[in-house]
Structures are given as structure tokens and as C-alpha cells.
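Understanding the architecture of this molecule
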Amino acid sequence: MSASHFVIDAADLAGKFEREAFAVRHRLTDHPLLQLPRLIELGRVLPESSVEYNLADLPLEQDYLATPRNGLTIDQTMRQIEDCKSWMVLKNVERDPSYKALLDECLEEIAPHVRRMSPQLEQREAFVFVSSPEAVTPYHCDPEHNFLLQIRGDKLMTIFDRRDPRAISERQMEDMASGAHRNLPFTDDMAPLGRPFSMSPGDGVHVPMYCPHWVRVGQAVSISLSVTFRSQVSVRRDAALRVNARLRKLGINPVPPTESPWRDQVKHAVDRALSRMERAAK
Ligand SMILES: [Fe+2]
């Protein structure tokens with residue numbers, strides 16, 4: 001039995017989870033799996049497709065396909081992270097049984113507090129971000145329930161409300177649920193709409209699904225762990241968004257997810273039927 005990883009604030013988790021971003025605290029700073037030498041070993045054994053990395057001197061709006069590479073290998077990037085001005089993410093580190101155990105330990109601590117919204121914590125995934133000083137992650141959003149935990153160095157994460165159409169439109173969320181890349185357009189006038197979370201080791205933040213955010217690392221190398229999962233809530237929202245994307249193509253202005261539970265239920269059934277048909281056609 002491991003010591004608890006989170007400093008749980010039951011009221012925050014029960015009241016704010018998946019509704020708004022909120023700060024959390026954790027005790028993983030010195031965890032052996034999250035130190036750079038161990039992560040360098042992990043980078044060597046993960047499949048190449050599970051490591052995404054690029055130069056990190058980026059504007060807040062970045063076309064994904066035009067993201068500049070750093071000309072180094074995964075191993076070189078990790079070893080030179082202090083100086084190579086790069087950003088990297090080790091994806092699905094739960095492929096390694098030790099990291100899978102750590103992910104499960106973290107989520108089992110969260111689970112009792114979010115069961116009202118999310119009876120099952122499904123499709124559990126963990127990501128480790130290793131970034132050079134001052135690295136920027138451009139404006140984007142992600143489809144998972146996410147807890148981002150700062151392990152080493154400082155990070156400023158600015159999070160926007162998915163309910164604010166100036167930050168992200170329904171159409172953009174529909175595109176993303178249908179397979180579009182996570183990066184989003186950003187203009188300077190959007191800056192005041194974001195809520196900044198300044199994180200040092202031991203700090204973390206909950207990012208609700210589809211809440212856009214951008215990140216700037218402080219003056220030192222940064223390591224962060226992201227523990228994520230899906231739920232009945234996220235599966236339904238994604239299904240409604242995908243069906244809404246199709247309705248929009250037919251000229252219909254669809255009702256956004258969560259506004260009408262019966263519509264969401266019908267859309268979930270339609271989405272399942274469509275994906276079964278697509279699989280059969282393949
Ligand atoms: Fe993200």
C-alpha cells in the first residue's frame with residue numbers, strides 16, 4: 001500500500017470536477033519514476049510513435065503541421081533538455097507496468113470523490129512532459145479528464161472556459177471530437193479570458209475536458225505528469241459532438257452537449273451505430 005499521492009480537497013473535487021479548472025496539491029515530487037534519469041530510460045523503451053517532441057520557442061498559435069523539429073533524437077533531446085529549447089511528451093507511459101501502477105494509485109484516490117459524475121474511470125492514460133526552460137505549449141485543448149501535476153521546475157498554465165465561445169466554439173469542439181488536431185487559433189484579445197495557474201513542484205491543476213489552455217515553462221527544466229481518464233460523461237459528450245458535427249453539415253444548428261439529456265442519449269446511440277457501420281464497412 002503506497003502513501004497517498006494527492007492532498008485531497010474533497011469539497012473542491014466534488015463541487016468543481018469537470019465544471020471548472022481548480023488547483024490541487026500532490027506528494028509526487030520525489031517519486032523515483034518521475035526523475036530525469038529514469039525518464040531517459042523510459043524514453044529509450046517507449047515506441048517512437050509514443051514520443052512527441054519539437055522546438056519549443058513557439059507562438060501561442062501554432063499550426064501543428066508546421067511545428068519545427070529540433071533535429072535531435074529522443075535520447076539526445078532528454079539529455080540536452082537544459083539547453084536544446086525543446087518540448088517533449090512521453091505518451092501512454094502506462095505501457096510500462098510501474099507507471100501503470102502509479103497511474104492507478106493516483107486515480108483510485110480521485111475516484112471516490114468524482115463517482116457522482118463518473119462512476120467508472122475508464123481509458124486511463126498517463127503522459128510525462130519534459131520541457132526546456134521557457135518552453136511554450138501553444139493554445140490547444142484535450143478530450144480527457146486531466147490532472148496535471150508539476151514535478152520539477154515552474155510552469156504557468158493559463159486555462160480558458162469551454163463555455164465561452166470567444167475561447168472555443170462548439171464547432172471547434174465538434175471538429176476535435178471528430179479527429180481534428182488539438183491546436184486552436186489564438187489572438188491577443190483572447191489573453192484576458194484565461195485564468196492563470198502558477199505551478200511549482202507539488203502543485204497541480206484539474207483541466208476539464210475541452211477547456212483550452214496554453215503553457216509557459218519558467219527559468220528551469222520542467223517535468224510534469226498528466227493523469228487522465230475518460231468516463232460516461234466524456235464518452236457522451238464526445239458522441240454528441242460527433243453527431244452535432246454531422247448535423248451541422250446537413251445545415252442544422254445542433255443543441256450543444258449536456259443541454260438536453262434525452263438528445264445526448266439519442267446521439268450516443270446514433271454515434272455507436274455509425275461507428276459500428278464504419279467498422280463493418282472497413
Ligand atoms: Fe493540454
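In every chain, residue numbers begin from 1 and rise along the written sequence. Selection of residues for local features in this predicted model requires a pLDDT of at least 70, selection of side-chain atom pairs for listing and counting requires 80 or more, and totals for whole chains, interfaces and linings are taken over all residues. Only hydrogens and water are removed before side-chain values are computed, so all heavy atoms of the structure are retained for them.

Quick notes on the overall build of the protein
Under the scheme used here, helices are H or I runs from DSSP no shorter than 4 residues and strands are E runs no shorter than 2 residues, and both carry numbers assigned from the N terminus. Helix and strand counts for the protein come out as seven helices and twelve strands. Put simply, the radius of gyration uses C-alpha atoms, and a globule should come to 2.2 Å times the residue count raised to 0.38. Here the protein has a C-alpha radius of gyration of 19 Å; the compact-globule value for 282 residues is 19 Å, and the two agree. Once the C-alpha set of the protein is aligned to its principal axes, its extents read approximately 50 × 45 × 45 Å. Contacts were defined at the residue level, with two residues in contact if any of their heavy atoms lie within 4.5 Å. Considering only intrachain contacts with a sequence separation of at least 6, the fraction spanning at least 24 residues in the protein is 84%. Of the roughly 13,600 Å² of accessible surface on the protein, 52% is carried by carbon and sulfur atoms. Computed by Shrake-Rupley with a 1.4 Å probe, the accessible areas treat only the displayed protein chains as cover when residues are assessed.

A closer look at a nonpolar patch on the surface
To count toward a patch, a residue needs a relative accessible area above 30% and no salt bridge. Like charges then connect within 9 Å, nonpolar side chains (Val, Leu, Ile, Met, Phe, Trp, Tyr) within 5 Å. The working definition used for a salt bridge is a side-chain nitrogen of Lys or Arg within 4 Å of a carboxyl oxygen of Asp or Glu. A grouping of Trp262, Val266 and Val270 is seen on the molecular surface, where their side chains present a nonpolar patch of about 300 Å² in accessible area. Topologically, Trp262 is positioned in helix 7 (residues 261–281). The buried label applies to any residue whose accessible area, calculated with a 1.4 Å probe on protein chains only, is under 20% of its type's maximum; exposed applies above 50%, and partly exposed to all values in between. On the accessibility criterion, Trp262 (56% relative accessible area) is exposed.

Here's the deal with the nonpolar core
Counting 43 residues, the largest nonpolar core has Leu39, Leu90, Val128, Phe147 and Leu225 as the members making the most contacts within it. Looking at this core, the element that brings in the most residues is helix 4 (residues 97–114), giving eight residues. If we skip the residues at most four places from it in the chain, Val128 touches Leu34, Leu39, Met88, Val89, Leu90, Val93, Ile223, Ser224 and Leu225. By convention a nonpolar core is built from buried Ala, Val, Leu, Ile, Met, Phe, Trp, Tyr and Cys residues, the set being connected through side-chain atoms within 4.5 Å.

A word on empty space enclosed by the protein
A 1.4 Å probe that fits but cannot get out identifies a cavity on a 1 Å grid over protein atoms alone, an open set with protein on both sides within 12 Å along at least five of seven lines counts as a pocket, and a residue lines either if it has an atom within 4 Å of a point. Grid points are joined across faces, edges and corners, and a volume is the space filled by probe spheres set on the points. Under the definition given, this model contains two cavities of 30 Å³ or more. Within this model, the largest cavity holds a volume of roughly 110 Å³. Asn54, Trp87, Pro138, Arg182 and Asn183 are, among the 13 residues lining the largest cavity, the residues nearest its centre. The set of elements that each furnish at least two residues to the lining of the largest cavity consists of strand 3 (51–55) and strand 6 (136–140). The dominant element in the lining of the largest cavity, judged by the number of residues it contributes, is strand 6, at four residues. Residue classes follow a fixed rule: Ala, Val, Leu, Ile, Met, Phe, Trp, Tyr, Cys and Pro count as nonpolar, while Asp, Glu, Lys and Arg count as charged, and any other residue, Gly among them, counts as polar. Within the lining of the largest cavity, the residues separate by chemical class into five nonpolar, six polar and two charged. Reported here for the second largest cavity is a volume of approximately 40 Å³. Lining the second largest cavity are Val93, Tyr99, Leu102, Leu103, Ala126, Leu225 and Val227.

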